[in-house]
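# Observations on the three-dimensional arrangement
Given next are the chains, with one letter for each unit.
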Amino acid sequence: MTGKTLYDKLWDAHVVRREDDDTALLYIDRHLVHEVTSPQAFEGLRLAGRQPWRTNTVLAVPDHNVPTTDRDRGIADPVSRIQVETLQDNVTSLGITFFPMSDVRQGIVHVIGPEQGATLPGMTVVCGDSHTSTHGAFGALSVGIGTSEVEHVLATQCLLQKKMKNMLVSVDGKVGPGVTAKDIVLAIIGEIGTAGGTGCAIEFGGEAIRDLSMEGRMTVCNMAIEAGARAGMVAVDQTTIDYVKDRPYAPRGEHWEQAVAAWRELKSDPDAKFDHVVHIDAAGIQPQVSWGTSPEMVAPIGGRVPDPALSGDAVKTRGMERALEYMGLQAGMPVTDIQVDKVFIGSCTNGRLEDIRAAAQVVKGRRVAENVKLAMVVPGSGLVKQQAEQEGLDKVFLEAGFEWRDPGCSMCLAMNADRLEPGERCASTSNRNFEGRQGLGGRTHLVSPAMAAAAAVAGHFVDVRDMN
Amino acid sequence: MEKFQRLTAKVAPLDRSNVDTDAIIPKQYLKSVKRTGFGPTLFDDWRYLDPGEPGMDHSQRRQNPDFVLNDPRYQGAQVLLARKNFGCGSSREHAVWALTDYGFRAVIAPSYADIFFSNSFKNGLLPLVLDEAIVDQLFNEVLAEPGYQLTVDLEAQTVETPSGERFSFQVDPFRRHCLLNGLDDIGLTLQHADDIRAYEQKRGAEAPWLFPA
């Protein structure tokens, strides 16, 4: 018998029943809920007269619509306010755990799940949000779902799933100094493309991934969806177990010992077969900057904006031309010549303490450049914010001319008041550079927190490795 | 859910690859707590020249004459012809609700993003996959022939062109069954409630930390 991949093991452990084809009913251990994709699901339950199957697996939090300033005044936009209030009404009436905006534990759903120990190795985790892939960093099977599926999981604790293919992305060797998890994942997407992982669960492996902290692994798995994969994952090791220990929702005592023993098996067997294997040389990865309107459109900081004419594919050339036009860039220009108007440090990709520390290290003792209209740091959760403040990082940013905000999704998708104006160019630590993502006509360049901080200080993209 | 069996309808060609769900329905409309009413803001940033906000009368906004859905010849289209990796990005089911609310019943593309693909089947929208070369051919035919229609037959798993040329497509048998009969997934799953309880018993013994009191 051939060995199993990590994904095979997680899948097999959660099959409730197999349908006739390769579709199965999978049991869901953790359901994270936010205000945007859940109201229609709760309404659907009510209309059908159904009760949730198991409410103590659900954790709910508002994050997309919440303001990042003047919280004590509530939410100014009445439409956003209704959505957040609807979440609160829906979950509190059912006894679901809820962290309101006033709670220090509130934050981006993908930051607080792991922070609270609500995300555990070996779990199946779902959320009506594509960046649910983040939680796979813990050796969990974690997928983003639509609202109909949110309703399905609420009603049945299960999800109908077709088994995905197994893909291994191995980042071999060590990255150089100044190269972060964000650079690794952008380089991977640049290599395999935004549909490179479609239909697959990607396991990220190799020395460079094992060397990452849990925060870094979450950054990588977070963007698996940007490579088309609904699930990304990393095998469990001591780094995973150390992170989970003593978190509020983590098991304790005898259960902890039992859980750790089971979690240590959560890795692919040496003889496991993958449908696709991609090897990437870690030493070749430079800090990355996206130049276009798809996360696969990336260039190393030392590189140039590519020439669409050289793509060798007519549809791709048209896409690149459109992207350059939208982004207001010329083919062949050095990436370091691109000036920025705004800088956003935050999001479920890069809103954790390690990210904020990395940015602060670059900013310390420097000033935001004159041409930068707004540089902001939006911590991923209230607890991240609190910890950063205990370390004095808020002062580092404020003294440099950054704004220090309250936690939420903020300008990653601009559902609240934080957004780009038409034509504005942003160095952003978020995950999507789609047209209009950060505001109608806004231009997004995806970078790591250290590179965003460096751009804020220089006023244009610059190699953070040259700044020390 | 509305059944999908057989449809003969006009086709609108959207000649872009990697169309993301942010483009299909921009974020400001996701603040709605309803499933309906997203049609007028489908492809909002491409379809209108002025910025849109929830609550506006979208019929009074300035339309972008260069956008395909504003071309009079494609009015009433129920089939959207698209390029590869359609529906990538965010999991927002609002993207599917916007397409169906506008009037689309089927999308034809060489490939889809996984979550969009799955969401479509839950809402009576058939995302069907044809080879890139066939999709190319269909683009050429739609552009050449005003009033061009396709017949999509889910029972037979075929797409038929006006000239009678037929292409067959694959679809997962379970999803096909649900769509043909307009079945509610939740109802089907709850028929297996005993299996779910049996799983919980067994799993609870193996991994008790997942079942705290």
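Residues numbered from 1 in each chain as written. Chains lettered and ligands numbered in written order. Predicted model: local features only at pLDDT ≥ 70, side-chain atom pairs only at ≥ 80, totals over all residues. Heavy atoms only, no water.

### Observations regarding the overall build of chain B
Of regular secondary structure, chain B possesses eight helices and seven strands. Seen through its principal axes, chain B has C-alpha atoms that stretch 65 × 45 × 25 Å. Put simply, chain B has 213 residues, and 57% of those count as buried. Contacts in chain B between residues far apart in sequence, at least 24 positions, make up 65% of those at least 6 positions apart. In the form shown here, chain B has an accessible surface area of approximately 8600 Å², with 47% of it arising from carbon and sulfur atoms. (Helix = DSSP H or I, 4+ residues; strand = E, 2+ residues; numbered from the N terminus. Buried < 20%, exposed > 50% of the residue type's maximum accessible area, 1.4 Å probe, protein only. Contact = heavy atoms within 4.5 Å. Areas by Shrake-Rupley, 256 points an atom, 1.4 Å probe, with all protein chains shown as cover.)

### What to know about the sheet that holds strand β11 (residues 231-233) of chain A
Residues and elements named next belong to chain A. Read across the sheet, four strands follow the order β11-β10-β9-β12 without closing on themselves; strand pairing throughout is parallel. Strands with a single pairing partner mark the edges of an open sheet, and in this sheet they are β11 and β12 (276-281). Taken over all neighbouring pairs, the strand axes of this sheet differ in orientation by 20° on average, direction set aside. Bridging between strand β9 (residues 165-172) and β12 involves six bridges; their strand directions are parallel. Note that in β12 the partner of Leu168 across the bridge is Val277. (Pairing = 2+ DSSP bridges. Axes fitted to C-alpha atoms, helices over the stretch in contact; angles between N-to-C directions.)

### Some points on the pattern of salt bridges
Residues and elements named next belong to chain A. Applying the stated criterion across every chain, the model contains 44 salt bridges over all chains. Between Asp22 and Lys162 there is a salt bridge, with its nearest N and O atoms 3.5 Å apart. Of this pair, Asp22 sits in the loop between β1 (15-18) and β2 (23-27) while Lys162 sits in strand β8 (residues 158-162); the two residues are 140 residues apart in sequence, bridging distant segments of the chain. The partly exposed category is assigned to Asp22, whose relative accessible area is 41%. (Salt bridge = Lys/Arg side-chain N within 4 Å of Asp/Glu carboxyl O.)

### What about the domain arrangement of chain A?
Residues and elements named next belong to chain A. For chain A, the domain assignment lists domain 1 (6-263) and domain 2 (288-466). For domain 1 and domain 2, the distance between their C-alpha centres works out to 24 Å. Each partner contributes to the interface: domain 1 provides 45 residues, whereas domain 2 provides 41 residues. Summed over both sides, the interface of domain 1 with domain 2 buries roughly 3300 Å², with 60% coming from carbon and sulfur. Together, Thr68, Ile108 and Lys182 form the three largest contributors to the area buried by domain 1 at its contact with domain 2, with a combined 20%. Linking domain 1 with domain 2 are one salt bridge, by the criterion used here. Residues Arg432 and Glu226 are paired through a salt bridge, measuring 2.6 Å at the closest nitrogen-oxygen approach. Between domain 1 and domain 2 we count 24 residue pairs in polar contact (both at pLDDT 80 or more) in total. Listing elements by their share of the side of domain 1 that touches domain 2, those giving two or more residues are α3 (78-92), α4 (109-116), α6 (181-192) and α8 (214-222). By residue number, the principal contributor to the side of domain 1 that touches domain 2 is α6, which donates six residues. Its residues placed into classes, the side of domain 1 that touches domain 2 shows 15 nonpolar, 22 polar and eight charged. (Domains from an automatic or database assignment. Buried area = accessible area lost by both parts, 1.4 Å probe. Polar contact = N/O pair within 3.5 Å; in protein donor to acceptor, adjacent residues only side chain to side chain. Nonpolar A, V, L, I, M, F, W, Y, C, P; charged D, E, K, R; others polar.)

### Observations regarding the UniProt feature "binding site: [4Fe-4S] cluster" (unreviewed entry) in chain A
Residue and element names in this part refer to chain A. The UniProt record marks Cys348, Cys409 and Cys412 with the feature "binding site: [4Fe-4S] cluster" (unreviewed entry), using the residue numbering of this structure. The greatest C-alpha distance among the residues just named is 8.7 Å, despite their covering 65 residues of sequence, which places them together in space. With respect to the helices and strands, the residue Cys348 is situated in helix α12 (residues 347-350). Note on Cys348: relative accessible area 8%, which makes it buried. Structurally, the position occupied by Cys409 is in the loop between β17 (403-404) and β18 (425-428). With a relative accessible area of 7%, Cys409 lands in the buried category. (UniProt positions renumbered as here; feature names shortened; annotations may be inferred.)

### Side note on the UniProt feature "domain: Aconitase A/isopropylmalate dehydratase small subunit swivel" (unreviewed entry) in chain B
The UniProt entry lists residues 1-132 of chain B under the feature "domain: Aconitase A/isopropylmalate dehydratase small subunit swivel" (unreviewed entry), expressed in the numbering used here. Helix makes up 20% of residues 1-132 of chain B and strand 14%, whereas the separation of the span's terminal C-alpha atoms amounts to 30 Å.

### Some words on the nonpolar core
With 116 residues, the main nonpolar core has A:Phe402, B:Phe43 and B:Phe86 as its most contacted residues. The element that contributes the greatest number of residues to this core is helix α16 (residues 449-458) of chain A, accounting for eight residues. Look past the residues within four positions of A:Phe402 in its chain and what remains in contact with it is A:Val343, A:Ile345, A:Val363, A:Val368, A:Ala375, A:Met376, A:Val377, A:Phe397 and A:Ala456. (Core = buried A, V, L, I, M, F, W, Y, C linked by side-chain atoms within 4.5 Å.)

### Re the pairing of strand β1 (residues 6-13) of chain B
All names here are of chain B. Two strands pair when backbone bridges link them, and β1 and strand β5 (residues 149-153) are joined in this way by five bridges, in the antiparallel orientation. Along β5, the bridge assignment pairs Thr8 with Thr151. Pairing between β1 and strand β2 (residues 79-81): three bridges, direction parallel. Paired with Val11 across the bridge in β2 is Val79.

### A closer look at the domain arrangement of chain B
According to the domain assignment, chain B consists of domain 1 (6-182) and domain 2 (185-213). Distance between the C-alpha centres of domain 1 of chain B and domain 2 of chain B: 37 Å.

### Some details on the packing of helix α13 (residues 353-363) of chain A against α16(A)
Residues and elements named next belong to chain A. Two elements in contact, α13 and α16, have axes separated by 8 Å at closest approach and are oriented at 30°. With respect to their mutual orientation, α13 and α16 come out roughly parallel. The crossing of α13 and α16 is right-handed. Each of Asp355, Ala358, Ala359, Val362 and Val363 in α13 lies in contact with α16, whose residues at this interface are Pro449, Ala450, Ala453 and Ala454. A per-class count over the contact of α13 with α16 returns eight nonpolar, no polar and one charged. (Parallel < 35°, antiparallel > 145°, perpendicular 65-115°, else oblique. Left-handed = near helix turned anticlockwise from the far one by under 90°.)

### Focus: the interface of chain B and chain A
It is common to report an interface's size as the accessible area lost on association of the parts. Listed as interface residues are 59 residues of chain B and, on the opposing side, 76 residues of chain A. For the pairing of chain B and chain A, the buried interface totals around 5400 Å² over both sides, and the portion due to carbon and sulfur atoms is 56%. A salt bridge links B:Asp195 to A:Arg17; the shortest N-O distance between them is 3.2 Å. On inspection of chain B and its partner chain A, the count reaches 32 residue pairs in polar contact (both at pLDDT 80 or more). At the level of secondary structure, the elements contributing two or more residues to the side of chain B that touches chain A comprise α2 (44-47), α3 (94-102), α4 (114-121), α6 (173-181), α7 (185-190) and α8 (193-206) of chain B.

### Side note on the pairing of β18(A)
Residues and elements named next belong to chain A. Here β18 shows no split at all, with Arg425 and Ala427 on one side and Cys426 and Ser428 on the other all buried. Examined bridge by bridge, strand β15 (residues 342-345) and β18 share three bridges and lie parallel to one another. Residue pairing for β18: Lys342 is matched across the bridge by Cys426. Strand direction decides the pairing type here: β18 and strand β19 (residues 443-446), joined by four bridges, are parallel. Within β19, the position partnered with Ser428 by the bridge is Leu446.

### Here's the deal with helix α1 (residues 6-14) of chain A
Across the nine residues that make up α1(A), a large majority, seven, are buried. Every buried residue belonging to α1(A) is among A:Leu6, A:Tyr7, A:Asp8, A:Lys9, A:Leu10, A:Trp11 and A:His14, and all of these are buried.

### With respect to the sheet that holds β1(B)
All names here are of chain B. Taken together, seven strands build an open sheet; the order of strands is β4-β3-β2-β1-β5-β6-β7 and the sheet is mixed. Only two strands of the sheet have a single neighbouring strand rather than two, namely β4 (126-129) and β7 (166-168). Neighbour-to-neighbour, the strand axes of the sheet open up by a mean angle of 25°, direction not taken into account.

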